[in-house]
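Examining the three-dimensional arrangement
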Amino acid sequence: MNSQNLQQSHNEPESSDVPPAAEKEIPLPTNNRLNNFINENYSEASIEEWNDWKWQIKNSITKTDRLNAVLGNKKNDTIINMPENHLPFRITPYFAYLLSTLEDNHPLYRTIIPTINELNHIKEETEDPLNEINMSPVPNIVHRYPDRALFLVTGFCSAYCRYCTRSHMVSKRTSITVSNSEWESGFKYIENNPNIRDVIVSGGDPLTLRDDQIEYILYRLRNIKHVEMIRIGTKVPVVMPMRITSNLMNIIKKYHPLYMSIHFTHPDELSVETQKACNMLADAGIPLGSQSVLLKGINDDVETFKELYRNLLKIRVKPYYLYSCDKIPGSYHFQATIDKGFEIIDGLRGHTSGYACPQFVVDTSKGKISLLPNFIKSIIETDGHKTYLFRNYNNQEYEHIEVI
Ligand SMILES: *Cc1c(COP(=O)(O)O)cnc(C)c1O
């Protein structure tokens, strides 16, 4: 095929009648239910304000009285008087609306609203289970692996998950203001470490920063020659999807290759708004991965993950990691067993698209440890042969023979 032919075949799809997938806009809902919720709880707000992420942050629910007024009878055993230094709570009006549409005592309530269980601390739990404080050479950098570094650019988050591994950090910072100079030692550290080829920008939630701050961080990182890729870790598309604006996409697009890991917990988080946000991110060329935490009583069954992952693939999010829950103080009630993790992976692998199968990991002070259920039933070495007895996803045996 000569270059002219290549040119022609390349042009062909443009003349087709099928519109590209990117043009399918999901309209934002302005349904009666949402209007009623706004009228009842934010009567001064216009729909434009509702769809403005800064309004969402400013009007987030952080006080028990307000929580009771908005979600009142729907939530379960809230802590009324939280001890000093306890992880604060923060719920965007958007996420409060989403919760209000779910059934009473829906598991998502307990992921974000404090319950009395948090006050139960056991001795196996620690403030900083990943030992991030000691792995931090300069403020805001965690450097555990030689070739990649974690850059915690803000302690602020638009939602404080009750099992947050960085609760020790985020609880100390409830204000959204960060000044650019706070990042300087982090930039310098990455600049001076040519081994770092992958920077994970996380926090807190980096997407709670202003557009110009996000651009400043990406600009500085992109100008470091040895930084090959940048990643952003966020929960914003789930708890504040209106933050994903076309202006932000135009900024991020300039700094590719940029990946994004989004924290999802449950299929009921995938509202029309969240789907739209993920589609905008994917249309901006950002490869999307999901990170989930296996949580007892919240999402610890195969069907929940099958539905979550199937629906994530539909909005171009590839399940990346399924984490065992870190043992932060007050997390005992969330702890699922490692066997439960195996059960989830076993229920996915072979039973649904391989793309829907994340890696199950235990994150530790020694790095992430990736675990698989056992697919090897036995290994027998005889004269000249090594025979593996495997099992497939349906428990059928398969003999794999190596000649040695
Ligand atoms: C999770 C993590 C990374 C990234 O790990 P990947 O397996 O590459 O996604 C890097 N640094 C730290 C400190 C981490 O916790």
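Residues numbered from 1 in each chain as written. Predicted model: local features only at pLDDT ≥ 70, side-chain atom pairs only at ≥ 80, totals over all residues. Heavy atoms only, no water.

1. Let's talk about the pattern of salt bridges
- Per the stated rule, a full pass over the model turns up 19 salt bridges.
- Residues Arg148 and Asp147 are paired through a salt bridge, measuring 2.7 Å at the closest nitrogen-oxygen approach.
- The partner of Glu269 in a salt bridge is Lys235, and the shortest N-O contact between them spans 3.3 Å. One end of the pair, Glu269, is in the loop between β5 (258–263) and α13 (272–283); the other, Lys235, is in the loop between β4 (229–234) and α11 (236–239), and 34 residues separate them in sequence. With respect to burial, Glu269 and Lys235 carry one shared label: buried. (Salt bridge = Lys/Arg side-chain N within 4 Å of Asp/Glu carboxyl O. Helix = DSSP H or I, 4+ residues; strand = E, 2+ residues; numbered from the N terminus. Buried < 20%, exposed > 50% of the residue type's maximum accessible area, 1.4 Å probe, protein only.)

2. Thoughts on the confidence of the model for the chain
- Averaged over all residues, the pLDDT of the chain equals 90, while 89% of them reach at least 70.
- Note that pLDDT drops below 50 for residues 1–16; the model gives that stretch 1 contact with residues more than four away or on any other chain.
- With pLDDT under 50 throughout, residues 18–27 is counted as low confidence; its partners more than four residues away or in other chains account for 7 contacts. (pLDDT = per-residue confidence, 0-100. Contact = heavy atoms within 4.5 Å.)

3. Some points on the packing of aromatic side chains
- Following the criterion strictly, the structure yields 16 aromatic pairs and no others.
- Aromatic pair Phe37 and Trp50: ring centres 6.2 Å apart, planes at 75°, arrangement edge-to-face. With Phe37 in helix α2 (residues 32–41) and Trp50 in helix α3 (residues 47–50), this residue pair connects regions lying 13 residues apart in the sequence. The exposure classification of Phe37 matches that of Trp50, with both residues buried.
- Where Tyr163 meets Phe334, the ring centres are 5.7 Å apart and the plane angle is 85°; that geometry is what we call edge-to-face. A residue pair is termed long-range when its members are at least 10 positions apart, and Tyr163 in the loop between β2 (148–154) and α8 (167–170) and Phe334 in the loop between β7 (317–324) and α15 (338–348) qualify at 171 residues.
- Given the relative accessible area of 5%, Tyr163 is considered buried.
- Residue classification places Phe334 among the buried residues on the basis of a relative accessible area of 2%.
- Through a chain of ring-to-ring contacts, three or more aromatic side chains come together here, namely Phe37, Tyr42, Trp50, Trp55 and Tyr97.
- A cation sits over an aromatic face here: Arg66 above Tyr42, 4.9 Å from the ring centre.
- Arg148 extends its terminal NZ or CZ atom over the ring of Tyr145, reaching a point 4.0 Å from the ring centre. (Phe/Tyr/Trp six-rings, centres within 6.5 Å; stacked < 30°, edge-to-face > 60°. Lys NZ or Arg CZ within 6 Å of the ring centre and 35° of its normal.)

4. As for the layout of surface pockets
- As a volume, the largest pocket reaches approximately 980 Å³.
- Around the largest pocket sit 38 residues that line it, and Thr165, Arg166, Ser202, Gln291 and Tyr323 are the ones nearest its centre.
- Among the elements of the structure, β1 (141–145), β2, β3 (198–203), β4, β5, β6 (288–294) and β7 are those that each provide at least two residues to the lining of the largest pocket.
- Broken down by class, the residue content of the lining of the largest pocket amounts to 18 nonpolar, 10 polar and 10 charged. (1 Å grid on protein atoms, 1.4 Å probe; cavity = no way out; pocket = protein on both sides within 12 Å on 5 of 7 lines; lining within 4 Å. Points joined across faces, edges and corners; volume = space filled by probe spheres on them. Nonpolar A, V, L, I, M, F, W, Y, C, P; charged D, E, K, R; others polar.)

5. Structural notes on the site of the ligand
- With respect to spatial proximity, the complete set of residues near the ligand consists of Val142, Arg144, Tyr145, Arg148, Leu150, Ile200, Arg231, Tyr320, Tyr321 and Lys368.
- One of the side-chain N or O atoms of Tyr320 is found 2.6 Å from an oxygen atom in the ligand.
- Here an oxygen atom of the ligand sits 3.1 Å away from a polar atom, N or O, in the side chain of Lys368.
- Protein contact buries 89% of the 380 Å² of open area that the ligand shows by itself.
- At a threshold of 2 Å from the grid points, most atoms of the ligand map onto the largest pocket. (Near = heavy atom within 4 Å. Polar contact = N/O pair within 3.5 Å; in protein donor to acceptor, adjacent residues only side chain to side chain. Areas by Shrake-Rupley, 256 points an atom, 1.4 Å probe, with all protein chains shown as cover. Sits in = over half its atoms within 2 Å of the grid points.)

6. Quick notes on the sheet that holds strand β11 (residues 385–391)
- Pairing in this open sheet of 3 strands is antiparallel, and the strands run β10-β11-β12 from one edge to the other. The sheet terminates laterally at β10 (376–382) and β12 (397–403), the two strands that pair on one side only. Geometrically, the sheet is characterised by an average inter-axis angle of 15° between neighbouring strands, direction not taken into account. (Pairing = 2+ DSSP bridges. Axes fitted to C-alpha atoms, helices over the stretch in contact; angles between N-to-C directions.)

7. Regarding the sheet that holds strand β9 (residues 367–371)
- Taken in spatial order, the 9 strands of this open sheet run β1-β2-β3-β4-β5-β6-β7-β8-β9, and their pairing is mixed. Looking along the sheet, the strands with just one partner apiece sit at the ends: β1 and β9. Put simply, the sheet's adjacent strands are angled 25° from each other on average, direction ignored.
- The pairing of β5 with β6 spans 4 bridges and is classified as parallel. Looking across to β6, one finds that Met260 is bridged to Leu288.

8. Things to note about the pairing of β12
- Looking at chain direction, β11 and β12 are connected through 7 bridges and run antiparallel. Of the residues in β12, the one forming a bridge with Arg391 is Glu397.
- Two successive antiparallel strands, β11 and β12, enclose a turn made up of 5 residues, where Asn395 displays a positive phi of approximately 65°.

9. Notes on the state of the cysteines
- In the structure shown here, the tally under the stated rule is 0 disulfides.
- No disulfide involves Cys157; its sulfur sits 6.6 Å from the nearest other cysteine sulfur, which is in Cys164.
- Overall, Cys157 belongs to the buried group, its relative accessible area being 14%. (Disulfide = S-S within 2.5 Å.)

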